[in-house]
Amino acid sequence: MPSIARSLDDALGAIADDCVLAVPRESAGVPMAATRALIRRGAKRLHLIALPTSSLQADLLIGAGCVETLETSAVSLGEFGLAPRFTAAILSGSIAMKDATCPALHAAFQASEKGVPFMPLRGLIGTDVLARRPDWTVIDNPFERNAPNAPDPIVLLPAIRPDVALLHAPMADREGNVWIGRQRELVTMAHASERTVVTVEKIHDGNFLQDPALAAGTLPGFYVDSIAVAERGAWPLPLPDHYAWDAEHLKEYAALAATDEGFAQYLDRYVHEKRAA
Amino acid sequence: MPSIARSLDDALGAIADDCVLAVPRESAGVPMAATRALIRRGAKRLHLIALPTSSLQADLLIGAGCVETLETSAVSLGEFGLAPRFTAAILSGSIAMKDATCPALHAAFQASEKGVPFMPLRGLIGTDVLARRPDWTVIDNPFERNAPNAPDPIVLLPAIRPDVALLHAPMADREGNVWIGRQRELVTMAHASERTVVTVEKIHDGNFLQDPALAAGTLPGFYVDSIAVAERGAWPLPLPDHYAWDAEHLKEYAALAATDEGFAQYLDRYVHEKRAA
Amino acid sequence: MAPDRQANFEFRDEELLASVVADLIGDVRHVAVGNASPIPAAAALLARARGNGRPYVSLLGSQRHTFWTDGGRELFDCAGQGRIDVFFLSGGEIDGEGNVNLVSVGDPDRPAMRFPGSFGSSYLYFVVPKVILFRTEHSKRTLVPKVAFISAPGGSDDNVHRTGGPIALITNRCLFSFDPERRRFQLESVHPGHTLAEVIVNTGFEFERPPDVPETPAPSAETLRLLREVVAPELAEVYPQFAARVFGAGKSA
Amino acid sequence: MAPDRQANFEFRDEELLASVVADLIGDVRHVAVGNASPIPAAAALLARARGNGRPYVSLLGSQRHTFWTDGGRELFDCAGQGRIDVFFLSGGEIDGEGNVNLVSVGDPDRPAMRFPGSFGSSYLYFVVPKVILFRTEHSKRTLVPKVAFISAPGGSDDNVHRTGGPIALITNRCLFSFDPERRRFQLESVHPGHTLAEVIVNTGFEFERPPDVPETPAPSAETLRLLREVVAPELAEVYPQFAARVFGAGKSA
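Source: prediction; values computed, not measured.

**Considerations on the overall build of chain C**
Regarding its fold elements, chain C presents seven helices and twelve strands. A compact globule built from 253 residues should have a C-alpha radius of gyration of about 18 Å, and chain C, at 18 Å, falls within 12% of that. Expressed along its principal axes, the backbone C-alpha trace of chain C runs to roughly 50 × 50 × 35 Å. When burial is assessed residue by residue, chain C has 58% of its 253 residues classed as buried. Expressed as a percentage of contacts within chain C between residues at least 6 apart in sequence, the contacts between residues at least 24 apart total 69%. Accessible surface, chain C as shown: approximately 10,100 Å² in total, 50% of it carbon and sulfur. Side chains of chain C carry 26 positive and 31 negative charges; the gap between the two charge centres is 4 Å.

**As for the interface of chain D and chain B**
Each partner contributes to the interface: chain D provides 16 residues, whereas chain B provides 17 residues. Where chain D abuts chain B, roughly 1,500 Å² becomes buried across the two surfaces, and 44% of that area is made up of carbon and sulfur atoms. Interface area lost by chain D to chain B is led by T69, Q81 and R83 of chain D, which between them contribute 40%. On inspection of chain D and its partner chain B, the count reaches two salt bridges. On the surface where chain D and chain B come into contact, there are nine residue pairs in polar contact (both at pLDDT 80 or more). Per-element accounting of the side of chain D that touches chain B gives the leading share, four residues, to helix α3 (residues 74-80) of chain D. Counted by class, the side of chain D that touches chain B contains five nonpolar, four polar and seven charged residues.

**Digging into the interface of chain A and chain D**
Every contact between the two is made by 43 residues of chain A and, on the other side, 36 residues of chain D. When chain A packs against chain D, close to 3,100 Å² is buried across both sides, 57% of that on carbon and sulfur atoms. Taken together, the connections running from chain A to chain D amount to two salt bridges. Its salt-bridge partner being R132 of chain A, residue D109 of chain D comes within 2.8 Å of it at the nearest N-O pair. Counting across the interface, chain A meets chain D through 14 residue pairs in polar contact (both at pLDDT 80 or more).

**Describing the nonpolar core**
Side chains of nonpolar character tend, in soluble globular proteins, to be buried together. Core analysis: the largest hydrophobic core is formed by 160 residues, its most contacted members being V178 of chain A, V178 of chain B, F176 and F185 of chain C together with F176 and F185 of chain D. Residues contacting V178 of chain A, with those up to four places away along its chain left out, are A169, M171, A172, V198, F208, G217, T218, L219, V224 and I227 of chain A.

**Looking at the packing of aromatic side chains**
All names here are of chain D. Scanning all chains against the criterion turns up 38 aromatic pairs over all chains. Summarising the aromatic geometry, the rings of F205 and F207 are spaced 6.5 Å apart at their centres and angled 85 degrees between planes, so their arrangement reads as edge-to-face. Of the two residues examined, F205 and F207, each falls in the buried class. When the ring of F242 is compared with that of F247, the centres are 6.4 Å apart and the planes differ by 75 degrees; the resulting orientation is edge-to-face. A relative accessible area of 9% places F242 in the buried class.

**What about the confidence of the model for chain C?**
It should be kept in mind that the predicted coordinates are not to be read in detail where pLDDT is low. Overall, the prediction assigns chain C a mean pLDDT of 92, with 94% of residues at 70 or greater. Across the predicted assembly, pTM comes out at 0.96 and ipTM at 0.95.

**Comments concerning the pattern of salt bridges**
If the charged atoms of two oppositely charged side chains come close together, the side chains can form a pair. Taken as a whole and assessed by the stated rule, the structure comprises 66 salt bridges over all chains. A salt bridge links E208 of chain D to R182 of chain D; its shortest N-O distance comes to 3.4 Å. Placement of the pair is E208 of chain D in the loop between α5 (196-202) and α6 (221-238) and R182 of chain D in the loop between β11 (174-179) and β12 (184-190), with a sequence separation of 26 residues. Among the charged side chains, a network of salt bridges with common partners joins E71, K98, R133 and D135 of chain A.

**So, the side chain of E14 of chain D**
Residue and element names in this part refer to chain D. Here E14 shows up in helix α1 (residues 13-25). A polar atom in the side chain of E14 sits 3.1 Å from the side chain of R245. For E14, the contacting residues outside a window of four places in its chain are I39, F242, R245 and V246.

**Description of the sheet that holds strand β8 (residues 153-158) of chain B**
Residues and elements named next belong to chain B. With antiparallel pairing, three strands are arranged side by side in an open sheet as β6-β8-β7. This sheet does not close on itself; its edge strands, each paired only once, are β6 (118-121) and β7 (137-140). Recorded for the sheet is a direction-independent mean angle of 40 degrees between the axes of neighbouring strands.

**Some remarks on the domain arrangement of chain A**
Residue and element names in this part refer to chain A. If you check the domain split of chain A, you get domain 1 (3-101 + 161-276) and domain 2 (118-158). Inter-centroid distance (C-alpha atoms) of domain 1 to domain 2 is 32 Å. If you look at the interface, domain 1 gives five residues, while domain 2 gives five residues. A combined buried area of about 370 Å² lies between domain 1 and domain 2, and 59% of that area is made up of carbon and sulfur atoms. Considering only the side of domain 1, the residues that lose the most area to domain 2 are K98, D99 and T101, jointly responsible for 73% of the buried surface there. One salt bridge connects R133 with E71, and the closest N-O pair in it is separated by 3.0 Å.

**Side note on the sheet that holds strand β4 (residues 93-95) of chain C**
In sheet architecture, strand pairing relies on hydrogen bonds along the backbone and comes in two forms, parallel and antiparallel. Residue and element names in this part refer to chain C. Within the open sheet, the three strands sit side by side as β5-β4-β9. Their pairing is mixed. The sheet terminates laterally at β5 (100-101) and β9 (143-144), the two strands that pair on one side only. Relative to β5, β4 runs antiparallel, the two sharing two bridges. When the sheet's bridge partners are listed, E93 is paired in β5 with N101.

**With respect to the environment of A168 of chain C**
All names here are of chain C. The residue A168 is located in strand β10 (residues 166-170) in this model. Judged by relative accessible area, A168 falls into the buried class, the value being 0%. Residues A168 and F88, spaced 80 residues apart in sequence, show a C-alpha to C-alpha distance of 10.0 Å. For A168, the residues in contact, after removing those within four places along its chain, are L24, V131, I132, L133, L175, F176, S177 and F178.

**Quick notes on the side chain of D152 of chain B**
With respect to the secondary-structure elements, D152 of chain B resides in the loop between β7 and β8. In this structure the side chain of D152 of chain B is engaged in a polar contact, spanning 2.9 Å, whose partner is the side chain of R122 of chain B. When neighbours within four sequence positions are excluded, D152 of chain B is seen to be in contact with R122, I139, D140, N141 and E144 of chain B together with N159 and H161 of chain C.

How each quantity is defined
For every chain, the first residue of the written sequence is number 1, and numbering continues from 1 along that sequence. Starting at A for chains and at 1 for ligands, labels are handed out in the order in which the entities are written. pLDDT decides what is reported in this predicted model: residues at 70 or higher carry local features, side-chain atom pairs at 80 or more are listed and counted, and totals for whole chains, interfaces and linings draw on all residues regardless. Water and hydrogen atoms play no part in the side-chain values, which are based on all heavy atoms of the structure. Secondary structure is summarised from DSSP: a helix means a run of H or I of at least four residues, a strand means a run of E of at least two, and numbering begins at the N terminus for each. Both definitions apply: the radius of gyration is a C-alpha atom measure, and the globule rule equals 2.2 Å times residues to the power 0.38. Any residue under 20% of the maximum accessible area for its type is buried, any over 50% is exposed, and the rest in between are partly exposed; the area is computed with a 1.4 Å probe on protein chains only. Contact between two residues is taken to exist if any of their heavy atoms lie within 4.5 Å; hydrogens are not considered. Here the open area of atoms and residues is found with the Shrake-Rupley method and a 1.4 Å probe, where only the protein chains shown may cover a residue. Think of it this way: Lys and Arg go in the positive column, Asp and Glu in the negative one, and His and the chain ends go nowhere. By convention, the point assigned to a charge is CZ for Arg, NZ for Lys, CD for Glu and CG for Asp. Accessible surface is computed with a 1.4 Å probe, and the buried area is the amount of it that two parts give up when combined, taken over both parts together. What makes a salt bridge here is a side-chain nitrogen of Lys or Arg within 4 Å of a carboxyl oxygen of Asp or Glu, nothing more. The definition of a polar contact used here is a pair of N or O atoms within 3.5 Å, where within protein one atom must be able to donate a hydrogen and the other to accept one, and adjacent residues in sequence count solely through side-chain atom pairs. Gly falls in the polar group here, along with every residue not listed as nonpolar (Ala, Val, Leu, Ile, Met, Phe, Trp, Tyr, Cys, Pro) or charged (Asp, Glu, Lys, Arg). We define the nonpolar core as a collection of buried residues of types Ala, Val, Leu, Ile, Met, Phe, Trp, Tyr and Cys that are connected through side-chain atoms lying within 4.5 Å of one another. The rule is short: rings of Phe, Tyr and Trp, with Trp giving its six-membered ring, pair when the centres are within 6.5 Å, and they are stacked under 30 degrees, edge-to-face over 60, tilted in between. Known as pLDDT, the predictor's per-residue confidence is scaled from 0 to 100. Strands qualify as paired when DSSP identifies two bridges or more between them. Angles run from 0 to 180 degrees between N-to-C directions of axes, and those axes are lines fitted to C-alpha atoms, restricted for helices to the stretch in contact. Note that the domain bounds reflect an automated or database-derived domain assignment.

Pasting the structure below:
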């Protein structure tokens, strides 16, 4: 049974320095309040895996010096432009980058979910994405027996088993079940990870698993280690069906984060100010 | 967009003789009304794949002579005993049996869902299940490099891509979306199959995909070819959260199906009588 | 309705078996129990009652007592993740090396007898750390020298990935433990009312045994109280007939 | 608000591009459009308006205009199943063999420039039958002789499983088709107001061209009507600013 933590910081205790931390894509509920709390705590040397892409979250963590290695398929602020701290870190070589492609990350998490050491994936042959991933491998498809002189190469991806999955969702119930709706990759992320930490907008009275309609979109508490309430916890990113982007804020971020000084100002204004509060 | 068929027989038009037909396990919504209609129509030489097990449905289809090959992990009437027509067919050699194990079928459907030619699975090494499946293969896990003298054998299962998936669900909306709740393997089954035919208890006004709670348990109409309304369409098997087993009926079935004559009587009474109706 | 407290020092066979199995479960996180397994289910719920809510118990076939929301594959994925600690298997045949047969007797191409099929055994036996074999019928028909078909093997070569396997076999007559190194069963105890001679004559395979075979300990008064007062009403939701017959717990419980 | 019908014979660049892309889409079952792609989205909706509801159009990034209920992987699984017929890709760099670079310029270990990353391109380019490359900025910076990093290759050896790939490249100046056998682009038409000389001088790669290069045909009156009356209000739900700027379709539409 997961505990409903007294504070966000308590819930984040599971995320140690040096750990492999999995986080979701923008449109699936990004735990931004938790991200700010990790930066305030001074998290260090994270191996951050964004399934399968990231935006503000990775950019903030990189800019704040929390990330040693980043594994994802893209980091961008979307219509607000390139992710400035990510770009700067790559150009200066201050983080190690493991470039992937979206379905490869989905498949590698599903491998871990299924307890298999690898998953196959089509595509990728001839890309520099593959060429630069010595941890991926290519075999000849053993089921292609028709043309022995023309082997059918296929990529195998090793399972990704993060230490902790960190995600934000609309609500949890008092049994620790988390309602994630149609964002099924959050379920896979939790299944694939050793531990799962969740922030939610609110606690729901009752048990989602007893209600067939809600059960269909539930991550069972069995897979969850700790939960903290963080209202508007995805802000300034959207929470599907609940709130949209804060476009003004993201414009402000994009402008400030263009320089080291501006980024420091952003942290002071929107991350560390909470320390005093 | 799927059509909402005028009749059950119309909807079942997609299921041709000789086709590879996928059906779900007992507790996920078994299309029994459709099964009886297929028997009345005289369906022949089906390659039936039950994901991952079956009960009355496979037994009826086998007894009625509709099945040439059966691929599944078990057929049993559960607390009502062995499946008599299945057992008789195996003992007489009248059907070809491809014995599997539950997670192998789940994985092989997921392979098809993901468009990969195979999926790996742990276990199975040293079983007669594997020994009797020349279509499965074993490779040495290429990621196990620590002990070159002790290769790590792992089974690869070829993708299963049925011609038609046939399933029963609580409801469909007028856009052809089907609400399947937490029975996620029905989604995988539809994704994995060329075509999908669904019977439902009722048609729901509105669009499940516009309601976040219902969307979470929805098989989108995009994957569905035809839909027919069949009230109590899983009877005498249960439909989760809707109705339970008809235990008296299943006892009667188990008793009648123990002999060829009794089974013929059962068909007359419960399958062909509908022809007159 | 509550059972008669005066009967506490008497117990039924099912109560003995549930008590023994609960001891085998030990201190773990998650026990999953397959369909149509009322005694293992009672044992798991007893272990939970003793552990104040630990282990987590999943009763398959019950929507109420499981948390699954990812379809039929979730049980197997969960086991593959290392998140199922104890599972139960039965078999049409079980042999002395712990091999389980759920498929057929005789030449598999022309079988003399057919069982339902392997279900998930060919996988779960490899990845659930504690698999408890449960077969009430203890006879030379069920406990055989060598199974005709291996649905799930008792042991594997060292290089085969295997994080699970059999730890014990419980029957209506006795309890065997399993030694994975030697791939042999050892007789641990004979149930009250049964004898070593009876076990020997009804077992088709060779097994180890200590010079003096103890009697399976009777359930304690506290165990019987938990079974009758805590477990029975929970069990009645899934196995009403079993609960009524064994514990007198009716559908009204 | 409805656009001025008298302006029908005038059209904007975006309308021309949407019209050309709709022709490229052709008669297919399912078109998926990535995030932040208003012109491809307009083209897909135009194709649907012309086809009376066919193709099915999925606009990623919009919960309203997609049917996904299986999480972020469903798009890729759907493509792997052969259920996405048309997709759009852009690139920081695109070269004459149809290779796409979404990662970096210069030595990848010490890049001079970094783009967001490959997204799903390294997979989708292989499995979507018609991939339409879309890059409005037509310059020697974007259309290069050889990309610095291959996120997705224009072609593959015969034995590599590949059911998809590029069919065309559209820019603000012209339309190229792609010949998968020769792995080369061919100039199909130059947009009104642009010239062949301008295309040549701004393209970093070699390409085929017919002796006489036609002008890209202007959108028909019916196409403009569909774009302005049918597509624009639908587009406004996902791309309100774009719809307002191009079609005058406001949030009130």
